[in-house]
Each structure stands twice: as C-alpha cells, then as structure tokens.
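# Close look at the chain arrangement
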Amino acid sequence: MDKENNLIKQLSKIVIFLLIFFIFLNLFSSILLPKNNNKKSGIKYESARGFYGERKNSLDIIAVGNSNLYSSFIPNQLWNHTGYTSYVCGEPSQTVFQAYALLKEVFSCQKPQLVILETDGLFTKGDEFEQIVSMHVKEIFPIFEYHSRWRNIQLNDFTDSPHYNTIINNKGYVYRNAIKPYKGGKKYLRKKKSRDNFNIFNQIYLDKINKLCQDNQASLLLLSVPSAKSWNYEKHNKINDYALKKNINFLDLNTEKKQANINWMTDTKDKGMHLNINGAKKVTKYLGKYLQKNYSFVDHRRDIQYDEWNQNKLQVIENKT
C-alpha cells in the first residue's frame, strides 16, 4: 500500500511540474510573440506576413513558396494589368510544411479565391520529420520561434495583444536588378537524373494544402517559375503526375519559357537560380494573362475600397534582404 501511495505521489508531482511548465511556456510565449507584423516588432520574415496588414478578406490571390517565387512575381504589376489583388508569402528556402503553416495564418484573416504554390519547395532537402515536429511545436509555443526576442522586449509586450496592421508596399515581391547571365540555354531541363525526391512527407503536406484550400473554397494552382539551376524534366513530371491525379492546375514556366520570353542572358541575377526584375516582369505578365484566361476574378481598379492599391500601383520597392 505504501509503495502504491508513493507511486501516486511521484506521479502527482510529475503532473504538477508539467502543468506548471506548460503554463510558463504559454505565458512567456504570449510575452515574446511579436505584437505587430513588422521587422521592428521582431516578426519572422516581415515581407511574407504583410497579408495581415491588408484589409480583411481583400486579397484575391495568395502565393506561397521560396526565394524563386518572391524573385519572380510582382503583385503591384499584376494589379496594374488586371485589377486583381495578390500577395507573395515567400520565405527563403520555404518548405511545403512551412507553406502549409503560413497558409493557415492567411486563412485566419483573408479569403483568397486562389492559392498559388511554387513547387520548388517540394524538393527542399533536409530532415523532414524533424522539421515537421519543430514547426508544430513552434505553432503551439511561439517561445521556441521567438526566444531571442527576450533581449528586446518592452513594456507593451507584457500588456498588449498582437495587432498586425503593417502594410508592406511591395506585397511580398523582393526587387532584384543585378544581371549575371546563365549560358546553358534549355539544357537545364534535360540534365542528368536528379536525386531530389518528391517524398512521402512532402506529398502528405501537399495533400494537406490541397485540403486546406478546399475547406476554404479556394482553388489551388501549382506553379514552377523559371529557374535554370533548380529545375528539370524529372521534377516537372513528378508534379505533373500529381496534378493530373488530383485534378489540380499546374503551370510550369520552364516548359513555357518561349511564351514567357525569358532570356537567360538578361533576366537572371545569379546565373540562372533566380530571376531579376526583367525576368519577374515577364513572368508576372504571362501569369496575369493565364489568370485572366483560366479564372474569374473581379477587376477592383475602380472600386474605392481598393484606393490604396491604386496609390501604390506604380511602386516597385527595392528590398535588398
């Protein structure tokens, strides 16, 4: 009986300790969580989270992906030509897991008709299981994402709730004007067999993104922007097979290069990995025509509720991050 009582006491102590531990994790998470969606407040990748600052449910199109995406898609140009509102939620080396987490944030305050997923992130290498666990832990306890903020916490971090209202003028696009040519032509599409795998974890989270879009009445478009250093026919075929199986639209601007008029001598900033402003304008122009042909969006340019977009329409903000 004494042994049983001692065991119960020990278990009770463990439960009480864990309870106190989780209470402190929640408390310090709320303190360290940035109180605005800007760099000054300590938010992760400010440019990717500017959708918070847009008027609620005002964005037609949300795009998620890595640096290939935010170097290639100019929402302000798309607005100029079509009157569609869009935002690029791009992060360096963004994985499909991170894209899924970010889309959940998007749907908390926006109701896009279309989600564009840039497909290069589906082939990002790494310890996928570890990344998934880390992502979910950070979702539950933001202290693990923002622990370094303790050096800069202020009084309002203890008293204020998050109020994300910062507008990012470039709508997630990152300006690149350097020119470093790629001289390989179309050979990159036919390069030797890649070891990149469209693995089970990536497929699971791609399925989850598709389901998340369906649950929020949004269409999903898989997009591959021109990249001579990271793309090939093997990757194209893997994504194309998935898209056909799931009845999802897939637009590969590597195979549509002729129509997009990409010139690798003038349109890349780093020998074929990322596009510069010249290439981004061509991709955005082509994408705008594709969206007009295949989707039904409203032209908001004469709607007074979108005056901020008209005032901002000619701006391409240089961002050297």
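Relevant structure appears above.
## What about the pairing of strand β4 (residues 219–224)?
In summary, the side chains of a regular strand alternate between the two faces of the sheet. Most of β4 sits out of view: 5 of its 6 residues are buried. Pairing analysis gives 5 bridges linking strand β3 (residues 114–118) to β4, with the strands arranged parallel. Within β4, the position partnered with L117 by the bridge is L222. Bridging between β4 and strand β5 (residues 249–252) involves 4 bridges; their strand directions are parallel. In the strand pairing of β5, L223 is matched with L251.

## Here's the deal with the sheet that holds β5
Taken in spatial order, the 5 strands line up as β2-β1-β3-β4-β5 in an open sheet, and their pairing is parallel. Only two strands of the sheet have a single neighbouring strand rather than two, namely β2 (86–90) and β5. Between one strand and the next, the sheet's axes are offset by a mean angle of 20°, whatever the strand orientation. Along the sheet face, helix α8 (residues 200–215) touches β3 and β4 and points at about 140° away from the line of β4. Across the face of the sheet, helix α9 (residues 233–246) comes into contact with β4 and β5 while running at roughly 160° to β5.

## Some details on the pattern of salt bridges
Applying the stated criterion across every chain, the model contains 10 salt bridges. Here R49 ties to E105 by a salt bridge, and the two come within 3.7 Å at their closest N and O atoms. Note that R49 is positioned in the loop between α1 (2–32) and β1 (61–65) and E105 in helix α4 (residues 96–106), a separation of 56 residues in sequence. With a relative accessible area of 24%, E105 lands in the partly exposed category. The salt bridge involving E308 is made with K171; its shortest N-O contact spans 3.1 Å. Taken together, the residues E308 in helix α12 (residues 307–312) and K171 in the loop between α7 (155–159) and α8 connect sequence positions 137 residues apart. Members of the salt-bridge network, linked through shared partners, are R49, E91 and E105.

The rules we used
- Residues numbered from 1 in each chain as written.
- Predicted model: local features only at pLDDT ≥ 70, side-chain atom pairs only at ≥ 80, totals over all residues.
- Heavy atoms only, no water.
- Buried < 20%, exposed > 50% of the residue type's maximum accessible area, 1.4 Å probe, protein only.
- Helix = DSSP H or I, 4+ residues; strand = E, 2+ residues; numbered from the N terminus.
- Pairing = 2+ DSSP bridges.
- Axes fitted to C-alpha atoms, helices over the stretch in contact; angles between N-to-C directions.
- Contact = heavy atoms within 4.5 Å.
- Salt bridge = Lys/Arg side-chain N within 4 Å of Asp/Glu carboxyl O.

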